[in-house]
Amino acid sequence: MAHESHYKPTSRFGKWMDERLPVARLVHGSFVDFPTPRNLNYLWTFGGILSFCLAAQILTGLVLAMHYQPSGAEAFNSVEHIRRDVNYGYMIRNFHAVGASMFFIAVYIHIFRGLYYGSYKAPREVLWILGVLIFLVMMATAFMGYALPWGQMSFWGVTVITNLFSSINELIPGLGTAIVQWLWGGYSVSGTTLNRFFSLHYLLPFVIAGLVILHIWALHVAGQNNPAGLDIRTKADAVPMFPHAIAKDAVGLFAFLLVFAWFAFVMPDYLGHADNYIEADPLVTPPHIVPEWYFLPFYAILRAIPSKLGGVIAMFSAIAILVFVPWLDTSRVRSSKYRPIYKWFFWLFAFTCLALGYLGAMPAEGVYVFWARVFTFYYFAHFLLVMPIVGLIETPHRLPRSIAESVLGPSRGGGITPATAAAAPEKR
Amino acid sequence: MSKTSFKTFGLGFAAVTLLASAPAFAAEGGGHHIDRQTWAFGGLTGQYDKAQLQRGFQIYKDVCSACHGMKRVYFRNLVQPGGPEFPEASVKELAAQWPNQITDGPNDAGEMFDRPAKLSDPMLGPYKNDKAARAAQGGALPPDLSNIAKARNVHNSAFWPKHVWLMAKDIATGYQEGGADYLYALLTGYQEPPAGVKLADGMNYNVAFPGHQIAMAPPLSKEGFQTYADGSGSLEKNAADVAAYLTWASDPSLNSRKSTGWVVLLYLLVTTVLLWLGKKRIWANAH
Ligand code: HEM
């Protein structure tokens, strides 16, 4: 990793290991004396929180898998068995189900943090893209996980979403149907489908874990961004990760756990849908099929487009477009704090995502469709028009000269003026 | 400066989180407004009222079990802590006399046979399968009631600013009793159909039921309610008691979940504060 570790083994075993497999050196360099910007706020604790979420999902999932039966006939019963008969089974299940929602709350905050402070900009493009991949795999994992209890929403959610692929028939007749049947493992959603979803649901978190390792590796090469969007240049700009950043991460994590526990112990079903307590029945379609809350903005985009294929393309593009953000944003300043115009657009975009979430939960009719189209338009316009154009025309505020100055005030030296080339696009 | 921009960010995200949890409230086609009741098991520290669960079970047994089974509830559950906690001996007797016997076997002659239920058996309904139930109920299916309180909810179909406000309020107050509120509203919701509404054959008018036409005849009414051992009773009391009992049936671990929950929350709160104080000391020389 980029940062040289000041690790000094103290014990004889430590020295012996250090010459053979320097794990301790790696850990020390990455998580103990790694220099972190001294101006990080609590939004930077979400990376650690996400790591916790991933570990928690794997652990609780492991226990659930010991009692769960992935068959069409027994899946629902086995979840009821876990809830009703397994010792502390209800608690493990609530942790896992609520945990998935908390994971998404954390990841959305983490992503919007990156968008606000320009964390995707050079030299963090690969770090950002790895993040987008993680997000994508997280969505796949959560979607398959939601199928497992085999309730009405599980079954019909899987039916609706897998059926989307049949829209490929509009391009190549027959191909869509073939893909859908291949996904299902038959001619309809059945226990076979459930079985393969379980297999994948168990696999994907480990794929995420691998991606997270790369993500953190890239982070430690590029170094952390920060609210000022400046690089660490001198010692005064940084504090060692231990104890400073770790102490802050611990506060953030526990505050997050407080929210987590509120949902897990007081209102475990609030974030889910009541219909999923009814066993899957292929003959009874629920009046409203809605995905889990964290998919709603994308679901709204899917339904906003009048053509089925178009909707599917728009939905996947809404995620894929994130990959290009480092090149769509033309501003030379990272942090929105110093971007008087873009800042407003950022909040408009955040509102757009909220609004799409709300509309995704509403029936696709009347005025809801109209607004879903308006917000879908802005969703894409934000990336394709606002990001490139605002970066070119905006005059950013004066930047502090250093991270240290942004914390301690200009008394420690005057700032630089972005002066002459006020609105010049970033040079690459 | 950094503080304020962080605050705006934080507020923005609080809003994101709240709004994002919309599905629990997906509008259910202009549903009827359902009044919220006060429940012993509501809120952060709520626990089931044992006497109420016992009364509720009595209503289930004397009225609802004529049509509805509860196949995920076992007689032994009626004895366990956190539920109605009937004495074991009386539940054994109850199981033995339960009219819907357990099909067991095959016996040594290779035949299936019916035998009386034991503590370890489920509380079955009168019908062997859904087809038999529909045949007996004029085509309608009386659902198994084991999970009914979790499988129903009330819906927030308010205009969006109010919708968001109600959602925030529900999260802050830990509102999770939608199932019980719906059941209470259903059981007390039978009325004469308003002028102009034509009921289909065998249907009854109910304000709480989606679509308002329900095949279940009023199981309880203003005149026809159950009286308890102490001679009291009313439609409202019956409805509340059986709704509480059904909530327990679908969520038998609520007592232990909530009694653990507030301790966990308190622990996390104290630890968060301590960690924050520690963090402040560590950072004291860095600002
Ligand atoms: C399993 C999910 C994830 C885990 C465990 C994770 C973990 C982390 C950790 C530990 C950090 C460093 C601490 C921090 O800055 O908060 C970090 C930074 C970062 N993450 Fe993630 N992350 C995840 C998902 C994502 C996603 C989905 C994205 C974007 C689409 C993303 C983008 C970033 C960026 C840009 C940084 C650098 C931020 C900065 O230094 O300003 N991450 N991540």
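Here, the structure is the one placed above.
Residues numbered from 1 in each chain as written. Chains lettered and ligands numbered in written order. Predicted model: local features only at pLDDT ≥ 70, side-chain atom pairs only at ≥ 80, totals over all residues. Heavy atoms only, no water.

Observations concerning the overall build of chain A
What counts is decided by this rule: Here a strand is any run of E in DSSP of at least two residues, a helix any run of H or I of at least four, and the numbering for each starts at the N terminus. Whether a residue is buried, partly exposed or exposed follows from its accessible area with a 1.4 Å probe, protein chains only, as a fraction of its type maximum: under 20%, in between, or over 50%, in that order. The criterion used for residue contact is that any of the two residues' heavy atoms lie within 4.5 Å. When charges are counted, Lys and Arg are positive and Asp and Glu negative, with His and the chain ends excluded. A charged residue contributes its charge at one atom only: NZ of Lys, CZ of Arg, CG of Asp or CD of Glu.
From N to C terminus, chain A includes 16 helices and two strands. If one aligns the C-alpha atoms of chain A with their principal axes, the spans along those axes are about 75 × 60 × 40 Å. Evaluated residue by residue, chain A yields a buried proportion of 56% over its 428 residues. A sequence separation of at least 24 residues applies to 79% of the contacts in chain A between residues at least 6 apart. Positive and negative side-chain charges of chain A, numbering 29 and 22 respectively, have mean locations separated by a distance of 13 Å.

A short note on the overall build of chain B
Basically, it comes down to this: Note on areas: these come from Shrake-Rupley sampling with a 1.4 Å probe, and a residue is covered only by the protein chains present in the view.
Secondary structure summary: chain B contains nine helices and six strands in total. Out of the 287 residues belonging to chain B, those deemed buried represent 43%. Put simply, 66% of the contacts in chain B that link residues at least 6 apart link residues at least 24 apart. Carbon and sulfur atoms form 59% of the exposed surface of chain B, whose accessible area is close to 14500 Å².

A look at the packing of aromatic side chains
Residue and element names in this part refer to chain A. Just so we agree on the cut-off: Side-chain rings of Phe, Tyr and Trp, where Trp is taken by its six-membered ring, are said to pair if the distance between their centres is within 6.5 Å; with planes under 30 degrees apart they count as stacked, over 60 as edge-to-face, and otherwise as tilted.
Summed over all chains, the structure comprises 45 aromatic pairs over all chains. Geometrically, the ring pair formed by Tyr116 and Tyr117 is edge-to-face, given 4.8 Å between the ring centres and 85° between the ring planes. By relative accessible area, which is 0% here, Tyr117 ends up buried. Aromatic pair Phe349 and Tyr379: ring centres 5.4 Å apart, planes at 45°, arrangement tilted. Here the residue Phe349 occupies a position in helix 14 (residues 342–361), and Tyr379 occupies one in helix 15 (residues 367–393), the gap between them amounting to 30 residues. Each member of the pair Phe349 and Tyr379 is classed as buried. Through pairs of rings, three or more aromatic residues link up here, namely Trp44, Phe112, Tyr116, Tyr117, Phe346, Trp347, Phe349, Tyr379, Phe380 and Phe383.

A closer look at the environment of Gly138 of chain B
Within the element layout of this structure, Gly138 of chain B appears in the loop between helix 4 (130–136) and helix 5 (148–151). In this structure the C-alpha to C-alpha distance between Gly138 of chain B and Trp160 of chain B, which are 22 residues apart in sequence, comes to 41 Å.

What to know about the interface of chain B and chain A
As a reminder, the rule being used: Accessible-area loss on putting two parts together, using a 1.4 Å probe and summing over both, is the definition of buried area adopted here. Criterion for a salt bridge: a side-chain nitrogen of Lys or Arg within 4 Å of a carboxyl oxygen of Asp or Glu. Nitrogen and oxygen atoms within 3.5 Å of one another constitute a polar contact, given that in protein one can donate a hydrogen and the other can accept it, and given that sequence-neighbouring residues count only through two side-chain atoms.
Contacts between the two partners involve 70 residues from chain B and, on the opposite side, 67 residues from chain A. Taking both sides of the interface into account, the surface hidden between chain B and chain A amounts to around 6000 Å²; carbon and sulfur atoms contribute 70%. Applying the counting rule to chain B against chain A returns three salt bridges. Scanning the region where chain B abuts chain A turns up 17 residue pairs in polar contact (both at pLDDT 80 or more). The biggest single contributor to the side of chain B that touches chain A is helix 9 (residues 254–283) of chain B, with 17 residues.

Concerning the site of the ligand
All names here are of chain A. Put simply, the rule reads: In these notes, residues near a molecule or strand are those with any non-hydrogen atom within 4 Å of it. Three residue categories are used. Nonpolar comprises Ala, Val, Leu, Ile, Met, Phe, Trp, Tyr, Cys and Pro, charged comprises Asp, Glu, Lys and Arg, and polar comprises the others, including Gly.
Contacts to the ligand come from 24 residues, most closely from Gly47, His110, Ser119, Gly131 and His215. One of the backbone nitrogen or oxygen atoms of Gly47 is found 2.9 Å away from an oxygen atom of the ligand. Contacts to the ligand include His215, whose side-chain N or O atom sits 2.6 Å from a nitrogen atom. Counting only elements with at least two residues in the shell around the ligand, the list comes to helix 3 (46–67), helix 5 (89–117), helix 6 (125–147) and helix 9 (191–222). Considering every element that reaches the shell around the ligand, the biggest residue donor is helix 6, with six residues. By residue class, the composition of the shell around the ligand is 14 nonpolar, nine polar and one charged.

Digging into the pattern of salt bridges
When the charged atoms of two side chains with opposite charge come close together, those side chains can pair. For the structure shown, the criterion picks out 22 salt bridges over all chains. Across the pair Asp85 of chain A and Arg76 of chain B runs a salt bridge, and its minimum N-O distance is 3.7 Å. Of this pair, Asp85 of chain A sits in the loop between helix 4 (75–84) and helix 5 while Arg76 of chain B sits in the loop between strand 1 (70–74) and helix 3 (88–97), placing the two residues on different chains. You can call Asp85 of chain A partly exposed: its relative accessible area is 34%. Given the relative accessible area of 29%, Arg76 of chain B is considered partly exposed. A salt bridge links Arg334 of chain A to Asp231 of chain A; the shortest N-O distance between them is 3.2 Å. Here Arg334 of chain A is found in the loop between helix 13 (325–328) and helix 14, whereas its partner Asp231 of chain A is found in the loop between helix 9 and strand 2 (238–240), with 103 residues between them in sequence. Where salt bridges share partners, they join Lys121, Asp329, Arg339 and Glu394 of chain A into one cluster.

Here's the deal with the packing of helix 6 of chain A against helix 7 (residues 152–163) of chain A
Residues and elements named next belong to chain A. The condition is simple: Lines fitted to C-alpha atoms define the axes, with helix axes restricted to the stretch in contact, and inter-axis angles between N-to-C directions lie between 0 and 180 degrees. For classification purposes, an angle smaller than 35 degrees is called roughly parallel, one larger than 145 roughly antiparallel, one from 65 to 115 roughly perpendicular, and anything else oblique.
Put simply, helix 6 and helix 7 touch, their axes get as near as 7 Å, and they point 135° apart. Relative to helix 7, helix 6 is oriented oblique. Counting all contacts with helix 6, which are made through Phe143, Tyr146 and Ala147, the residues of helix 7 involved are Met153, Ser154, Gly157, Val158 and Ile161. Class assignment of the residues belonging to the contact of helix 6 with helix 7 gives a composition of six nonpolar, two polar and no charged.

Notes on the state of the cysteines
Residue and element names in this part refer to chain B. Inclusion rule: Criterion for a disulfide: a pair of cysteine sulfur atoms within 2.5 Å.
Applying the stated criterion across every chain yields a total of zero disulfides over all chains. Of all cysteine sulfurs in the structure, the one in Cys67 sits closest to Cys64, which takes part in no disulfide; the separation is 8.8 Å. Classification of Cys64 by relative accessible area gives buried; the value is 15%.

Let's talk about a nonpolar patch on the surface
What counts here: Residues enter a patch when their relative accessible area is above 30% and they make no salt bridge; the linking distance is 9 Å between like charges and 5 Å between nonpolar side chains (Val, Leu, Ile, Met, Phe, Trp, Tyr).
Residues Leu44, Trp262, Val263, Leu266, Leu269, Val270, Val273, Leu274, Trp276 and Leu277 of chain B make up a contiguous nonpolar surface patch of roughly 880 Å² in combined accessible area. Given a relative accessible area of 45%, Leu266 of chain B falls into the partly exposed group.

Some thoughts on the side chain of Gln224 of chain A
Considering the arrangement of structural elements, one finds Gln224 of chain A in the loop between helix 9 and strand 2. Judged by its relative accessible area of 15%, Gln224 of chain A is buried.

Concerning the nonpolar core
Counted only if it meets this: To qualify as a nonpolar core, a set must consist of buried Ala, Val, Leu, Ile, Met, Phe, Trp, Tyr and Cys residues joined through side-chain atoms within 4.5 Å.
Counting 124 residues, the largest nonpolar core has Phe104, Leu115, Phe135, Phe298, Tyr379 and Phe383 of chain A as its most contacted members. Examining the composition of this core, we find that 17 residues originate from one element, helix 5 of chain A, more than from any other. Contacts of Phe104 of chain A, omitting those with residues within four sequence positions, involve Phe135, Met138, Met139, Ala142, Trp293 and Tyr294 of chain A. Among the nonpolar cores identified, the runner-up in size contains 51 residues, and Phe41, Leu145, Trp248 and Ala249 of chain B belong to it.

What to know about helix 7 of chain A
Heads up, the condition is: One less than the residue count of a helix, multiplied by 1.5 Å, gives the span that helix is expected to have.
Compared with the 16 Å implied by 1.5 Å per residue over twelve residues, the 16 Å span of helix 7 of chain A between its first and last C-alpha is a close match. Turning to helix 7 of chain A, its buried residues are Gln152, Met153, Ser154, Phe155, Trp156, Gly157, Val158, Thr159 and Thr162 of chain A.

A few points about the packing of helix 4 of chain A against helix 5 of chain A
Residue and element names in this part refer to chain A. Following both chains from N to C, one finds helix 4 and helix 5 inclined at 115°, their axes separated by 5 Å at the closest point. Contacts between helix 4 and helix 5 involve Val79, Ile82 and Arg83 from the first element and Gly89, Tyr90 and Arg93 from the second. Per-class residue counts for the contact of helix 4 with helix 5 are three nonpolar, one polar and two charged.

Looking at the environment of Ser78 of chain A
All names here are of chain A. Counting through the fold element by element, Ser78 comes out in helix 4. Separated by 25 residues in the primary sequence, Ser78 and Cys53 have C-alpha atoms spaced 25 Å apart. With sequence-adjacent residues up to four places away left out, Ser78 is seen in contact with His67, Tyr68 and Gln69. Separated by 2.9 Å, the side chain of Ser78 and the backbone oxygen of Ala75 make a polar contact.

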